[in-house]
Amino acid sequence: MALVMAQAIAAQAQDMPKSFADLAERISPSVVNITTSTTVASRSGPAPTVPEGSPFEDFFRDFMDRNGEGMPEPRRPRRSQALGSGFVISEDGFVVTNNHVIEGADEITVEFFSGEELDAEVVGTDPSTDIALLKVESEDPLPAVPFGDSDASRVGDWVIAMGNPLGQGFSVSAGIVSARGRALSGSYDDFIQTDAAINRGNSGGPLFNMDGEVIGVNTAILSPNGGSIGIGFAMASNVVTNVVDQLQEFGETRRGWLGVRIQDVSDDIAESIGLEEARGALVTDVPEGPAAEAGMESGDVILSFDGTEVEDTRELVRQVGETQVGKTVRVTVFRDGETETLRVTLGRREEAQDAIPASAPADDPIEMETLGVTVSGLTDELREQLALPEGSEGLVVTDVAEDSEAYEKDLRAGDLITEAGQEKVTSPAELEERIADARDAGRKSILLLVRRNNEPRFVALPLDEQE
């Protein structure tokens, strides 16, 4: 037993690098410092004045004259500089960095490990993933580094970060992959979290695996004081490569567009529609677009997209965005207790315009109290009061009991209920019928489609709520 444990410890020790020196020496020539210069307009308006006869009058006059800012002369614009990092991905001079490093810059200078400096031009940017692609011209082939497969990285793997932290020049830090699949604020986020030291100035620099492959672009840190506390984020290379390929080919991104509004499937929503487990993306609205043309409906649960299972809305958004515009994909949906496969030809996200399906008005003003809410038929007066689009139909929530499940699930007066049990409702009587049907079917809850400020979402309410 002791021998086996000793061998296991020895094997682990062999996996731990004795030094990162050889790797750092090999990849350093491909990492660059980026300096940007931006013209910043000076504040307009008159120069500061002091009361006539003040003892400070002569002092301010001399100060303004020395700085060339006499009263009649307008103030001149000044230059602002910023620092960041990047890395070369091709011998002919394509360089990857963060969009926020070069955004708004008039001039961009790339400095290599050798000390050589070259001017760079912007090929294209993608604010959604904070990626920018630059191009420099060089007489000689430039040292480039390859991208690796970020999906192959594991929590606990060694990584090193390289860049220009705090303007101190080329610097290397080491750590491990702390977590994967982190999201910050973007729709297409897929960050690798690392404890390798990342500071201001590291932005846009590479995160390497032990094979010298770039598996992430250092983008952000979580810090209460602006310095590294061991929580850094690098955009995963499998996201970056797709963006870079599009910027290189088109100068812009061209993401796939399905044309649906979606929300995650909760446990109670899954139970209310007869779905065995809470997974997939629940379709709340299908405006005019590719999904509508393929026959997708509000209330469908998207279970798989182009052969890949969908766990939640975030995963679906990423999958769709990374799929080629114009490609016809198979989308499996759960509808009325069964699965159905649709063939959808994707549009382009950047050109998509939301469209609200037309619908007929309802004219039943009768009120009803049920499941902790009081609802009323939609009248022209209510439609005007709630600033609803012309043609809106459904039931207006006029009151919500504060001790009800509906209140806990954020239903409020002014919300519009458009569906119950995945069927349209335009009168309180229809809602009562949908509730009775759900009870007869043995459901413990009923699914409502609710709109607020024209944004749809599904809410599952328990049927045992006191009425």
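Let me begin by describing the structure that accompanies this report.

### Observations concerning the nonpolar core
Here is step 1: Judged by nonpolar contacts, the single largest core of 23 residues is most densely connected at Val 96 and Phe 208.
Here is step 2: A per-element tally of this core places helix H5 (residues 237-250) first, with five residues.
Here is step 3: Counting 21 residues, the second largest nonpolar core, distinct from the first, contains Leu 431, Ile 446, Val 459 and Leu 461.

### Some details on unusual backbone geometry
Here is step 1: Of note in this structure, Asp 130 is not a glycine but carries a positive phi near 60°.
Here is step 2: Take Asp 130: its relative accessible area is 15%, and that puts it in the buried class.
Here is step 3: With a phi close to 65°, Gln 422 is a non-glycine residue in the positive phi region.
Here is step 4: Along the polypeptide, Gln 422 turns up in the loop between strand E24 (416-420) and strand E25 (423-424).

### Some remarks on the sheet that holds strand E9 (residues 191-194)
Here is step 1: With antiparallel pairing, six strands are arranged side by side around a closed barrel as E7-E8-E9-E12-E11-E10. Strand-to-strand twist of the sheet, defined as the mean angle between neighbouring strand axes without regard to direction, takes the value 45°.
Here is step 2: Both E9 and strand E12 (residues 232-236) contribute to a ladder of four bridges, which runs antiparallel. Residue pairing across strands places Ile 192 opposite Ala 234, the latter belonging to E12.

### Notes on a negative patch on the surface
Here is step 1: Among the surface-exposed residues, Glu 367, Glu 369, Asp 399, Glu 402 and Asp 403 lie close enough to one another that they form a single negatively charged patch.
Here is step 2: With respect to the element layout, Glu 402 can be found in the loop between strand E23 (395-400) and helix H10 (405-408).
Here is step 3: For Glu 402, a relative accessible area of 65% gives the class exposed.

### Digging into the pattern of salt bridges
Here is step 1: Inspection of the entire model under this criterion finds 25 salt bridges.
Here is step 2: A salt bridge links Asp 410 to Arg 452; the nearest nitrogen and oxygen atoms lie 3.1 Å apart. Of this pair, Asp 410 sits in the loop between H10 and E24 while Arg 452 sits in strand E26 (residues 445-452); the two residues are 42 residues apart in sequence, bridging distant segments of the chain.
Here is step 3: Here Asp 410 falls in the partly exposed class, since its relative accessible area comes to 32%.
Here is step 4: The class for Arg 452 is partly exposed, based on a relative accessible area of 29%.
Here is step 5: With a closest N to O distance of 3.9 Å, Arg 457 and Asp 410 form a salt bridge. Pair noted here: Arg 457 is in strand E27 (residues 455-462) and Asp 410 is in the loop between H10 and E24, with a separation of 47 residues, a long-range link.
Here is step 6: Classification of Arg 457 as partly exposed rests on a relative accessible area of 24%.
Here is step 7: Shared partners join several salt bridges into a network, and the residues in it are Glu 252, Arg 254, Arg 348, Glu 350 and Glu 351.

### Things to note about the pairing of strand E21 (residues 367-370)
Here is step 1: In E21, alternate side chains face the same way, and those of Met 368 and Thr 370 are buried while those of Glu 367 and Glu 369 on the opposite face are not.
Here is step 2: Examined bridge by bridge, E21 and strand E22 (residues 373-377) share four bridges and lie antiparallel to one another. When the bridges of E22 are listed, Thr 370 appears paired with Val 373.

Rules behind the numbers
- Every chain is numbered independently, its residues counted from 1 as its sequence is written.
- At least 70 in pLDDT is required for a residue's local features to be given in this predicted model, at least 80 for side-chain atom pairs to be given and counted, and no such filter applies to totals for whole chains, interfaces and linings, which use all residues.
- Heavy atoms from the whole structure form the basis of all side-chain values; hydrogens and water molecules are not counted.
- By nonpolar core we mean a set of buried residues, namely Ala, Val, Leu, Ile, Met, Phe, Trp, Tyr and Cys, connected to one another through side-chain atoms within 4.5 Å.
- Accessible area is worked out with a 1.4 Å probe on protein chains only. A residue is then buried under 20% of its type maximum, exposed over 50%, and partly exposed in between.
- Per the convention used, a helix needs a DSSP run of H or I reaching at least four residues, while a strand needs a run of E reaching at least two, with both numbered from the N terminus.
- Paired strands, as defined in this entry, are two strands with at least two bridges between them according to DSSP.
- Axes, fitted as lines to C-alpha atoms, cover a helix only where it is in contact. Angles between the N-to-C directions of the axes lie from 0 to 180 degrees.
- Patch building starts from residues that exceed 30% relative accessible area and form no salt bridge, then joins like charges within 9 Å and nonpolar side chains (Val, Leu, Ile, Met, Phe, Trp, Tyr) within 5 Å.
- Surface exposure here means Shrake-Rupley accessible area, sampled with a 1.4 Å probe, where a residue is shielded only by the protein chains that are shown.
- We count a salt bridge whenever a side-chain nitrogen from Lys or Arg sits within 4 Å of a carboxyl oxygen from Asp or Glu.
- Neither His nor the chain ends is counted toward charge; the positive residues are Lys and Arg and the negative residues Asp and Glu.
- By convention, charge coordinates are those of NZ in Lys, CZ in Arg, CG in Asp, or CD in Glu.

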